[in-house]
Amino acid sequence: MYKIYMTENNVLHEEMEFRPGCWIRMVRPTAEESARVSEAVGVEIDKADIMAALDEEESARIELEEGYTLILVDIPTTELHHEKEVYTTIPLGILLTQQHIITVCNKETPILQFFCSGRAKEFSTKKKMRFVYQILFRIAALYQGNLRIIDKKRTEIESKVEGDTEDVDLIELHELESTLVYFATSLRANGVVLDRLTRYKRLEQYPDDQELLDDVIVENKQAIEMTTIYRDIINGTRELLSSIIDNRLNNVMRYLATITIIMAIPTVISGFYGMNVNSGGVPFSGTRFGFAIIAGITLSICVLVLIVLKKKKLL
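A quick note: this is a predicted structure, and the numbers were derived from the prediction, not measured. (Residues numbered from 1 in each chain as written. Predicted model: local features only at pLDDT ≥ 70, side-chain atom pairs only at ≥ 80, totals over all residues. Heavy atoms only, no water.)

**Q** Help me out: how do you make sense of the pattern of salt bridges in this one?
**A** One side chain can pair with another of opposite charge once the charged atoms of both are near each other. Taken as a whole and judged by the stated rule, the model has eight salt bridges. Notably, a salt bridge pairs Arg61 with Glu58, separated by 2.6 Å at the nearest N-O pair. For Arg61, a relative accessible area of 21% puts it in the partly exposed group. For Glu177, the salt bridge goes to Arg238, with nearest N and O atoms at 3.0 Å. Residue Glu177 is located in helix α5 (residues 167-197), and its partner Arg238 is located in helix α6 (residues 209-273); the two are separated by 61 residues in the primary sequence. On the basis of relative accessible area, Glu177 is assigned to the buried category, the value being 14%. (Salt bridge = Lys/Arg side-chain N within 4 Å of Asp/Glu carboxyl O. Buried < 20%, exposed > 50% of the residue type's maximum accessible area, 1.4 Å probe, protein only. Helix = DSSP H or I, 4+ residues; strand = E, 2+ residues; numbered from the N terminus.)

Spelled out as C-alpha cells, the structure:
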C-alpha cells in the first residue's frame, strides 16, 4: 500500500498522482507497487533497498546510490508476545530522489501518522532534508516516551517489594531489561547515521536544517543516556527482588527447621518410653500421674528450646 501527500502553504493534503515535491508513504508495499513508484519518480530504485526496510534484521545505515539516497533507521514499535504487548524495533527506510521523498515501513507507525494528521509545524514535503530531520526528531522523541513508560512499569513492580513479590515480576523485569538492550543498540546505530548526515554535502539543506539536525543529535544522545540509566536501575531492582525472594525462602526454611527441632523433642522422649524394656527402670512408670508428668516435662523442654532459639534470633 502507498499514499501520496503534498503540502501547499504548510497544509498537507493527499494527492492522486505523483508530482514533484510530493511525499510517497509506503506501508508493506508489494513488488508491483514498488516497481510502480520507481517508474513514477523516474529513478531505478534497487528492490533490495526497499526490501531492506521490510526486513527486521536490517541495521541502520545510509547509502548513496545513483539517483537517490537511502537512509535506514530503527524505530520503536510494539508487538504482541504471548498475548502481552512488548516493545521492539523495526527499520524505517527513507529514500530521497531529486524531487521526491519516499518512506517505507513494514507497519503503520505513529511517527509518520504525526505528519499525516497535520500536527507537524513548519512542515513541507518540498524541503526534503528538513522533513527527514523532523522524522528523525520524532523517532528520538518516541524512544524517550517509550523509555518513560518502561520506567513507569519498573516503578510499579518495585512498589510491590514490600508486598507479594512473585517470580513473574522478575520475568517482567528481565523482559524490560532486554527491551532496553534492543533500544540501546538501535539508538547507537541511529547515532552513526546522524553523524554521517553531518558530513554529506550531496544532500541539499536549508540554512536552518543544520540547527535541526543538531537538535536531533542531542535528543538521540539523551535517549541513549536514558536507556543506560534505566537499564542500570532495572538491573538493581531485579537484584533487589531476587534477594528479597531468596531471603523470604530462607526465613521459611528457618521456621521449618525450628518447628522440626521442637517437634523432635517429644518424638525422642516418646521413643524412649516406647522401648520394650522392664518398666521398673523407666522413670514415672509406676506413678499414677506418670503420663501427665512426662507430658509436662516434655512441654517445658520444648518451651525452653523455643526461648533459646528466639534469643539467638533463629526464630
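**Q** Which parts of the structure should I look at to understand the packing of aromatic side chains?
**A** Aromatic rings in a pair are described by how distant their centres are and how their planes are angled relative to each other. One pass over the structure, following the stated rule, counts 10 aromatic pairs. Each ring, one from Tyr5 and one from Trp23, has its centre 5.1 Å from the other, and the planes form 35°; the classification is tilted. Here Tyr5, found in strand β1 (residues 2-8), pairs with Trp23, found in strand β3 (residues 23-27); they are 18 residues apart in sequence, far enough to count as distant. The same class applies to Tyr5 and to Trp23, which are both buried. Between the aromatic rings of Tyr143 and Phe183, the centroid separation amounts to 5.2 Å while the plane-to-plane angle is 90°, which identifies the pairing as edge-to-face. With Tyr143 in helix α4 (residues 128-158) and Phe183 in helix α5, the pair connects residues that are 40 residues apart, well separated along the chain. (Phe/Tyr/Trp six-rings, centres within 6.5 Å; stacked < 30°, edge-to-face > 60°.)

**Q** Whenever I open this one, the side chain of Ser34 confuses me. Can you help?
**A** Of note, Ser34 is situated in helix α1 (residues 31-41). Overall, the relative accessible area of 11% leaves Ser34 in the buried class. In this structure Ser34 touches Met26, Pro29 and Ile50, once residues within four positions along its chain are discounted. (Contact = heavy atoms within 4.5 Å.)

**Q** Can you walk me through α1 in this structure?
**A** Counting along an α-helix, one turn takes 3.6 residues, and residues three or four places apart therefore face a common direction. Within the span of α1, buried status applies to Glu33, Ser34, Val37, Ser38 and Val41. On an axial view of α1, the arc spanned by its buried residues comes to 135°, and they lie on one face. The outward face of α1, more than 90 degrees from its buried face, is lined by the exposed residues Glu32 and Glu39. Lining the buried residues of α1 we find β1, β3, α2 (47-52) and β7 (101-105). (Arc of directions from axis to C-beta.)

**Q** Is there a simple way to explain the nonpolar core in this structure?
**A** Inside soluble globular proteins, nonpolar side chains tend to come together where they are buried. Counting residues in each nonpolar core, the largest one holds 55 residues, and the members touching the most others are Trp23, Ile71, Tyr133, Ile135, Leu136, Ile139 and Leu197. Elements supplying a minimum of two residues to this core: β5 (68-80), β6 (85-96), β7, α3 (110-116), α4, α5 and α6. Among residues more than four places away in sequence, those in contact with Ile139 are Val73, Asp74, Ile75, Pro76, Leu92, Ile111 and Asn190. (Core = buried A, V, L, I, M, F, W, Y, C linked by side-chain atoms within 4.5 Å.)

**Q** I keep staring at the environment of Arg188 and nothing clicks. Help me out?
**A** Turning to its location among the elements, Arg188 is positioned in helix α5. Owing to a relative accessible area of 42%, Arg188 belongs among the partly exposed residues under this scheme. Between the C-alpha atoms of Arg188 and Ala223, which are 35 residues apart in sequence, the distance is 9.7 Å. Not counting the four nearest positions on each side in its chain, Arg188 is found in contact with Ile224, Thr228 and Arg231.

Honestly, that's just the spatial picture; any functional story needs more than this.
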